[in-house]
Amino acid sequence: MTTTEGVAHPEFLVETEALEQWLDAPELRILDCTTHLVPDPKITYQVVPGRADFEKGHIPGAQFVDLLGDLSDKNHRLRFMLPSAEAFAAAMSGFGVGEGTRVVLYSTANPWWATRVWWMLRVFGFDNAAVLNGGWQKWSREGRPVETGPANVRPPGHFVVREQRPLMVGKEEVLQAIGDAGACTINALLPEQHAGTGGNSYGRPGHIKGSVNLPAAHLLDPKTNEFLPAGELRKRFAAIGAFDKDVITYCGGGIAASADALALVMLGHPNVRLYDASLSEWATDPSLPMETG
(Lines give C-alpha, C1' and ligand atoms only; values in the text may rest on other atoms or scores of the structure.)
Protein backbone atom coordinates (compact mmCIF):
# COMPACT_ATOMS: atom_id res chain seq x y z
CA MET A 1 0.00 0.00 0.00
CA THR A 2 1.36 3.46 -0.89
CA THR A 3 1.45 6.40 1.51
CA THR A 4 -1.35 8.24 -0.30
CA GLU A 5 -3.91 5.43 -0.59
CA GLY A 6 -6.81 6.40 1.63
CA VAL A 7 -5.70 9.96 2.37
CA ALA A 8 -7.79 13.10 1.93
CA HIS A 9 -5.08 15.01 0.05
CA PRO A 10 -2.84 12.71 -2.02
CA GLU A 11 -1.75 15.71 -4.12
CA PHE A 12 0.62 16.93 -1.38
CA LEU A 13 3.07 14.06 -2.03
CA VAL A 14 4.53 13.06 -5.39
CA GLU A 15 6.13 9.68 -6.14
CA THR A 16 9.54 9.42 -7.83
CA GLU A 17 8.15 7.57 -10.85
CA ALA A 18 5.52 10.25 -11.50
CA LEU A 19 8.07 13.06 -11.17
CA GLU A 20 10.48 11.42 -13.63
CA GLN A 21 7.72 11.17 -16.25
CA TRP A 22 6.97 14.85 -15.75
CA LEU A 23 10.49 16.36 -15.78
CA ASP A 24 10.01 18.15 -19.12
CA ALA A 25 6.74 19.87 -18.16
CA PRO A 26 7.17 23.64 -18.69
CA GLU A 27 5.15 24.52 -15.59
CA LEU A 28 7.29 22.37 -13.24
CA ARG A 29 9.61 23.98 -10.67
CA ILE A 30 11.74 21.61 -8.56
CA LEU A 31 13.37 23.01 -5.42
CA ASP A 32 16.11 21.24 -3.45
CA CYS A 33 15.73 22.52 0.13
CA THR A 34 18.64 20.62 1.75
CA THR A 35 20.08 22.12 4.95
CA HIS A 36 22.45 20.49 7.43
CA LEU A 37 22.56 21.22 11.16
CA VAL A 38 26.01 20.61 12.60
CA PRO A 39 25.97 20.36 16.43
CA ASP A 40 27.76 23.25 18.15
CA PRO A 41 27.40 23.47 21.96
CA LYS A 42 27.83 27.27 21.89
CA ILE A 43 24.76 27.93 19.70
CA THR A 44 23.03 24.48 19.62
CA TYR A 45 24.04 23.95 15.96
CA GLN A 46 25.64 25.58 12.94
CA VAL A 47 23.43 25.89 9.85
CA VAL A 48 25.09 24.65 6.64
CA PRO A 49 23.12 25.07 3.38
CA GLY A 50 23.33 21.93 1.21
CA ARG A 51 24.56 23.69 -1.93
CA ALA A 52 27.69 21.48 -2.17
CA ASP A 53 25.47 18.36 -2.13
CA PHE A 54 23.28 19.94 -4.80
CA GLU A 55 26.22 20.57 -7.13
CA LYS A 56 27.42 16.96 -6.69
CA GLY A 57 24.04 15.73 -7.88
CA HIS A 58 20.42 16.87 -8.13
CA ILE A 59 17.19 16.10 -9.95
CA PRO A 60 17.39 17.52 -13.51
CA GLY A 61 16.05 21.07 -13.69
CA ALA A 62 16.08 21.57 -9.91
CA GLN A 63 17.17 24.80 -8.24
CA PHE A 64 18.80 25.11 -4.84
CA VAL A 65 17.00 26.92 -1.99
CA ASP A 66 19.03 28.21 0.95
CA LEU A 67 16.30 28.03 3.58
CA LEU A 68 18.06 30.29 6.07
CA GLY A 69 19.40 32.76 3.50
CA ASP A 70 16.51 32.85 1.01
CA LEU A 71 13.34 32.04 2.96
CA SER A 72 13.78 33.20 6.57
CA ASP A 73 13.29 36.53 8.37
CA LYS A 74 16.75 38.13 8.35
CA ASN A 75 15.79 40.65 11.06
CA HIS A 76 14.68 38.14 13.68
CA ARG A 77 16.97 37.05 16.53
CA LEU A 78 15.87 33.43 15.96
CA ARG A 79 16.79 31.37 12.91
CA PHE A 80 14.34 30.04 10.30
CA MET A 81 11.46 32.36 11.22
CA LEU A 82 8.74 33.03 8.63
CA PRO A 83 9.74 35.94 6.35
CA SER A 84 7.40 38.77 5.37
CA ALA A 85 4.96 38.17 2.52
CA GLU A 86 6.96 40.59 0.35
CA ALA A 87 10.29 38.86 0.98
CA PHE A 88 8.77 35.41 0.40
CA ALA A 89 7.11 36.51 -2.85
CA ALA A 90 10.37 38.05 -4.11
CA ALA A 91 12.33 34.86 -3.36
CA MET A 92 9.73 32.60 -4.98
CA SER A 93 9.52 34.85 -8.04
CA GLY A 94 13.31 34.50 -8.31
CA PHE A 95 12.90 30.71 -8.45
CA GLY A 96 10.43 31.08 -11.32
CA VAL A 97 7.39 30.26 -9.18
CA GLY A 98 4.13 32.01 -9.96
CA GLU A 99 0.68 31.63 -11.46
CA GLY A 100 0.26 28.30 -13.24
CA THR A 101 3.44 26.68 -11.90
CA ARG A 102 3.58 23.37 -10.03
CA VAL A 103 6.25 23.11 -7.33
CA VAL A 104 7.95 19.89 -6.19
CA LEU A 105 10.13 20.08 -3.07
CA TYR A 106 12.75 17.64 -1.85
CA SER A 107 15.86 17.44 0.29
CA THR A 108 18.87 15.14 0.42
CA ALA A 109 18.78 15.09 4.21
CA ASN A 110 15.60 14.86 6.28
CA PRO A 111 12.33 15.53 4.41
CA TRP A 112 11.30 18.24 6.87
CA TRP A 113 13.43 20.83 5.05
CA ALA A 114 11.10 20.26 2.09
CA THR A 115 7.96 20.10 4.25
CA ARG A 116 8.93 23.43 5.86
CA VAL A 117 8.95 25.16 2.46
CA TRP A 118 5.69 23.40 1.56
CA TRP A 119 4.14 24.77 4.77
CA MET A 120 5.34 28.31 4.02
CA LEU A 121 3.90 28.14 0.50
CA ARG A 122 0.61 27.17 2.11
CA VAL A 123 0.81 30.07 4.58
CA PHE A 124 1.15 32.45 1.63
CA GLY A 125 -1.82 30.97 -0.24
CA PHE A 126 -0.02 28.71 -2.75
CA ASP A 127 -1.41 25.16 -2.80
CA ASN A 128 0.02 23.73 -6.04
CA ALA A 129 3.05 22.20 -4.30
CA ALA A 130 4.05 18.67 -3.33
CA VAL A 131 6.88 17.00 -1.41
CA LEU A 132 8.81 14.21 -3.14
CA ASN A 133 8.01 11.02 -1.23
CA GLY A 134 11.30 9.36 -0.27
CA GLY A 135 13.30 12.44 -1.28
CA TRP A 136 16.71 12.38 -2.92
CA GLN A 137 17.55 9.09 -1.17
CA LYS A 138 14.81 7.21 -3.01
CA TRP A 139 15.39 9.05 -6.31
CA SER A 140 19.10 8.21 -6.41
CA ARG A 141 18.63 4.67 -5.05
CA GLU A 142 16.29 3.94 -7.96
CA GLY A 143 18.90 5.15 -10.47
CA ARG A 144 16.77 7.99 -11.83
CA PRO A 145 18.36 10.81 -13.89
CA VAL A 146 20.82 13.13 -12.14
CA GLU A 147 22.32 16.49 -13.10
CA THR A 148 25.49 17.99 -11.58
CA GLY A 149 26.88 21.51 -11.16
CA PRO A 150 25.06 24.76 -10.35
CA ALA A 151 21.40 25.18 -11.29
CA ASN A 152 20.46 26.50 -14.71
CA VAL A 153 19.00 30.00 -14.41
CA ARG A 154 15.23 30.12 -14.86
CA PRO A 155 13.29 33.13 -16.10
CA PRO A 156 11.72 34.84 -13.06
CA GLY A 157 8.12 34.12 -12.16
CA HIS A 158 5.55 36.45 -10.63
CA PHE A 159 4.54 35.08 -7.22
CA VAL A 160 1.50 36.87 -5.80
CA VAL A 161 0.47 36.48 -2.15
CA ARG A 162 -3.33 36.43 -2.46
CA GLU A 163 -3.83 35.71 1.24
CA GLN A 164 -1.73 35.07 4.34
CA ARG A 165 -3.32 32.21 6.25
CA PRO A 166 -3.05 32.07 10.07
CA LEU A 167 -1.15 28.76 10.03
CA MET A 168 1.74 29.95 12.22
CA VAL A 169 1.26 30.69 15.91
CA GLY A 170 3.25 32.43 18.63
CA LYS A 171 3.75 31.59 22.30
CA GLU A 172 0.41 33.19 23.32
CA GLU A 173 -1.65 30.61 21.38
CA VAL A 174 0.54 27.80 22.73
CA LEU A 175 0.02 29.04 26.31
CA GLN A 176 -3.76 29.14 25.74
CA ALA A 177 -3.68 25.52 24.51
CA ILE A 178 -2.16 24.23 27.77
CA GLY A 179 -4.93 22.50 29.72
CA ASP A 180 -7.48 23.02 26.92
CA ALA A 181 -9.29 19.69 26.33
CA GLY A 182 -10.02 20.75 22.74
CA ALA A 183 -6.34 21.29 21.89
CA CYS A 184 -3.46 18.92 21.16
CA THR A 185 0.10 20.28 21.11
CA ILE A 186 2.55 17.90 19.39
CA ASN A 187 6.32 17.85 19.83
CA ALA A 188 8.01 16.52 16.64
CA LEU A 189 11.43 16.05 18.28
CA LEU A 190 12.92 12.69 19.28
CA PRO A 191 11.66 10.89 22.43
CA GLU A 192 14.87 11.62 24.38
CA GLN A 193 14.52 15.35 23.64
CA HIS A 194 10.85 15.27 24.66
CA ALA A 195 11.75 13.50 27.92
CA GLY A 196 14.70 15.82 28.55
CA THR A 197 17.18 12.96 28.76
CA GLY A 198 19.32 13.66 25.67
CA GLY A 199 19.84 15.49 22.37
CA ASN A 200 19.69 19.26 21.87
CA SER A 201 17.73 21.01 24.62
CA TYR A 202 17.48 24.52 23.04
CA GLY A 203 17.88 26.00 26.53
CA ARG A 204 15.94 24.04 29.15
CA PRO A 205 15.51 20.28 28.63
CA GLY A 206 12.10 18.68 28.10
CA HIS A 207 8.90 19.73 26.37
CA ILE A 208 6.14 22.33 26.49
CA LYS A 209 3.87 21.55 29.45
CA GLY A 210 1.05 19.20 28.48
CA SER A 211 2.38 18.47 24.99
CA VAL A 212 2.55 14.97 23.49
CA ASN A 213 5.30 13.42 21.37
CA LEU A 214 5.19 12.09 17.81
CA PRO A 215 8.67 12.52 16.32
CA ALA A 216 8.82 13.54 12.66
CA ALA A 217 11.31 10.70 12.21
CA HIS A 218 8.62 8.20 13.30
CA LEU A 219 6.40 9.20 10.36
CA LEU A 220 8.88 7.68 7.90
CA ASP A 221 9.84 4.18 6.84
CA PRO A 222 13.51 4.00 7.93
CA LYS A 223 14.38 1.72 4.99
CA THR A 224 12.88 3.84 2.18
CA ASN A 225 12.67 7.36 3.70
CA GLU A 226 9.03 7.46 2.48
CA PHE A 227 6.12 8.51 4.64
CA LEU A 228 4.40 5.52 6.24
CA PRO A 229 1.12 4.26 4.72
CA ALA A 230 -1.92 6.39 5.56
CA GLY A 231 -3.41 3.78 7.90
CA GLU A 232 -0.23 3.63 9.97
CA LEU A 233 0.08 7.46 10.09
CA ARG A 234 -3.55 7.71 11.21
CA LYS A 235 -2.95 5.11 13.94
CA ARG A 236 0.09 6.99 15.29
CA PHE A 237 -1.71 10.34 15.40
CA ALA A 238 -4.83 8.74 16.93
CA ALA A 239 -2.66 7.22 19.69
CA ILE A 240 -1.68 10.73 20.88
CA GLY A 241 -5.22 12.12 20.56
CA ALA A 242 -4.60 14.40 17.57
CA PHE A 243 -7.97 13.99 15.84
CA ASP A 244 -11.11 16.05 16.69
CA LYS A 245 -8.88 18.66 18.36
CA ASP A 246 -7.11 21.83 17.28
CA VAL A 247 -3.48 20.88 16.73
CA ILE A 248 -0.30 22.92 17.22
CA THR A 249 2.96 21.28 16.14
CA TYR A 250 6.39 22.37 17.36
CA CYS A 251 10.02 21.22 17.52
CA GLY A 252 13.32 23.04 18.06
CA GLY A 253 12.98 25.69 15.36
CA GLY A 254 9.76 25.04 13.42
CA ILE A 255 11.30 22.65 10.86
CA ALA A 256 10.59 19.02 11.91
CA ALA A 257 7.16 20.23 13.13
CA SER A 258 6.23 20.87 9.49
CA ALA A 259 6.47 17.12 8.69
CA ASP A 260 3.88 16.32 11.38
CA ALA A 261 1.77 19.21 10.06
CA LEU A 262 1.96 17.98 6.44
CA ALA A 263 1.03 14.42 7.47
CA LEU A 264 -2.03 15.61 9.44
CA VAL A 265 -3.22 17.91 6.64
CA MET A 266 -2.75 15.08 4.14
CA LEU A 267 -4.93 12.87 6.36
CA GLY A 268 -7.64 15.55 6.24
CA HIS A 269 -7.19 17.23 9.63
CA PRO A 270 -8.97 20.61 9.31
CA ASN A 271 -7.10 22.67 11.92
CA VAL A 272 -3.33 22.35 12.15
CA ARG A 273 -1.01 25.23 13.01
CA LEU A 274 2.73 25.41 13.62
CA TYR A 275 4.55 27.20 16.46
CA ASP A 276 7.17 28.99 14.38
CA ALA A 277 9.66 29.89 17.13
CA SER A 278 9.18 26.51 18.89
CA LEU A 279 11.66 25.61 21.65
CA SER A 280 14.23 28.11 20.35
CA GLU A 281 11.98 30.71 22.02
CA TRP A 282 10.09 28.64 24.64
CA ALA A 283 13.06 26.86 26.24
CA THR A 284 15.00 30.11 26.71
CA ASP A 285 12.15 31.93 28.51
CA PRO A 286 11.90 30.75 32.15
CA SER A 287 8.38 32.19 32.44
CA LEU A 288 7.04 29.60 29.96
CA PRO A 289 6.18 26.20 31.53
CA MET A 290 8.15 23.10 30.59
CA GLU A 291 8.13 19.48 31.78
CA THR A 292 10.50 16.54 31.61
CA GLY A 293 9.78 12.80 31.61
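Residues numbered from 1 in each chain as written. Predicted model: local features only at pLDDT ≥ 70, side-chain atom pairs only at ≥ 80, totals over all residues. Heavy atoms only, no water.

## What about the pairing of strand β4 (residues 44-49)?
In step 1: Summarising the sheet, strand β3 (residues 35-40) and β4 pair through six bridges and their orientation is antiparallel. Looking at β4, one finds that valine 38 is bridged to glutamine 46.
In step 2: Between β3 and β4, which pair antiparallel one after the other, the connecting turn spans three residues. (Pairing = 2+ DSSP bridges. Helix = DSSP H or I, 4+ residues; strand = E, 2+ residues; numbered from the N terminus.)

## With respect to the nonpolar core
In step 1: Core analysis: the largest hydrophobic core is formed by 85 residues, its most contacted members being Leu105, Trp119, Leu121 and Phe237.
In step 2: Counting residues per element, this core draws most heavily on helix α5 (residues 112-123), which supplies nine residues.
In step 3: Residue contacts for tryptophan 119: discarding those within four places in its chain leaves Leu167, Met168, Ser258, Ala261, Val265, Val272, Arg273 and Leu274.
In step 4: In terms of nonpolar packing, the next biggest core, distinct from the first, is built from 16 residues, Leu23, Phe54, Ala130 and Trp136 among them. (Core = buried A, V, L, I, M, F, W, Y, C linked by side-chain atoms within 4.5 Å. Buried < 20%, exposed > 50% of the residue type's maximum accessible area, 1.4 Å probe, protein only. Contact = heavy atoms within 4.5 Å.)

## Structural notes on the side chain of arginine 122
In step 1: Relative to the helices and strands, arginine 122 is located in helix α5.
In step 2: Despite its burial, arginine 122 pairs with no opposite charge; the closest candidate is aspartate 127, at 4.5 Å N-O.
In step 3: Apart from the residues lying within four places of it in its own chain, the contact partners of arginine 122 are Asp127, Arg165, Leu167 and Val265. (Lys, Arg positive; Asp, Glu negative; His and termini not counted. Salt bridge = Lys/Arg side-chain N within 4 Å of Asp/Glu carboxyl O.)

## Considerations on α5
In step 1: Helix length check: α5 (12 residues) gives 16 Å between terminal C-alpha atoms against 16 Å at 1.5 Å per residue, within 8%.
In step 2: α5 sits mainly inside the fold: 12 of its 12 residues count as buried.
In step 3: Among the residues of α5, those classed as buried are Trp112, Trp113, Ala114, Thr115, Arg116, Val117, Trp118, Trp119, Met120, Leu121, Arg122 and Val123.
In step 4: Two residues or fewer past α5, glycine 125 is found with a positive phi of approximately 80°. (Expected span 1.5 Å × (residues − 1).)

## Some words on the packing of aromatic side chains
In step 1: One pass over the structure, following the stated rule, counts nine aromatic pairs.
In step 2: Ring centres of phenylalanine 80 and tryptophan 113 lie 5.5 Å apart, and the angle between their planes is 55°; this geometry places the pair in the tilted category. Here the residue phenylalanine 80 occupies a position in the loop between α3 (67-70) and α4 (85-94), and tryptophan 113 occupies one in helix α5, the gap between them amounting to 33 residues.
In step 3: Ring plane angle 35° and centroid distance 5.7 Å describe the contact between phenylalanine 126 and phenylalanine 159, whose orientation is recorded as tilted. Here phenylalanine 159 lies in the loop between α6 (135-141) and β8 (168-169) and phenylalanine 126 lies in the loop between α5 and β7 (129-132), a separation of 33 residues in the sequence.
In step 4: Residue phenylalanine 126 is classed as buried on the basis of its relative accessible area, which comes to 13%.
In step 5: Residue classification places phenylalanine 159 among the buried positions, given a relative accessible area of 5%. (Phe/Tyr/Trp six-rings, centres within 6.5 Å; stacked < 30°, edge-to-face > 60°.)

## Notes on the pattern of salt bridges
In step 1: Applying the stated criterion to the full structure yields 11 salt bridges.
In step 2: Residues arginine 162 and glutamate 99 are paired through a salt bridge, measuring 3.2 Å at the closest nitrogen-oxygen approach. With arginine 162 in the loop between α6 and β8 and glutamate 99 in the loop between α4 and β6 (102-106), this pair connects stretches of sequence that are 63 residues apart. Residue arginine 162 shares its accessibility class with glutamate 99, and that shared class is exposed.
In step 3: Linking glutamate 232 and arginine 236 is a salt bridge whose minimum nitrogen-to-oxygen distance equals 2.7 Å. With glutamate 232 and arginine 236 both in helix α9 (residues 230-239), this residue pair falls four residues apart, about one helical turn.
In step 4: On the basis of relative accessible area, glutamate 232 is assigned to the partly exposed category, the value being 22%.
In step 5: Residue classification places arginine 236 among the partly exposed residues on the basis of a relative accessible area of 31%.
In step 6: Because the salt bridges share partners, they merge into one network encompassing Glu20, Lys138, Glu142, Arg144 and Glu226.

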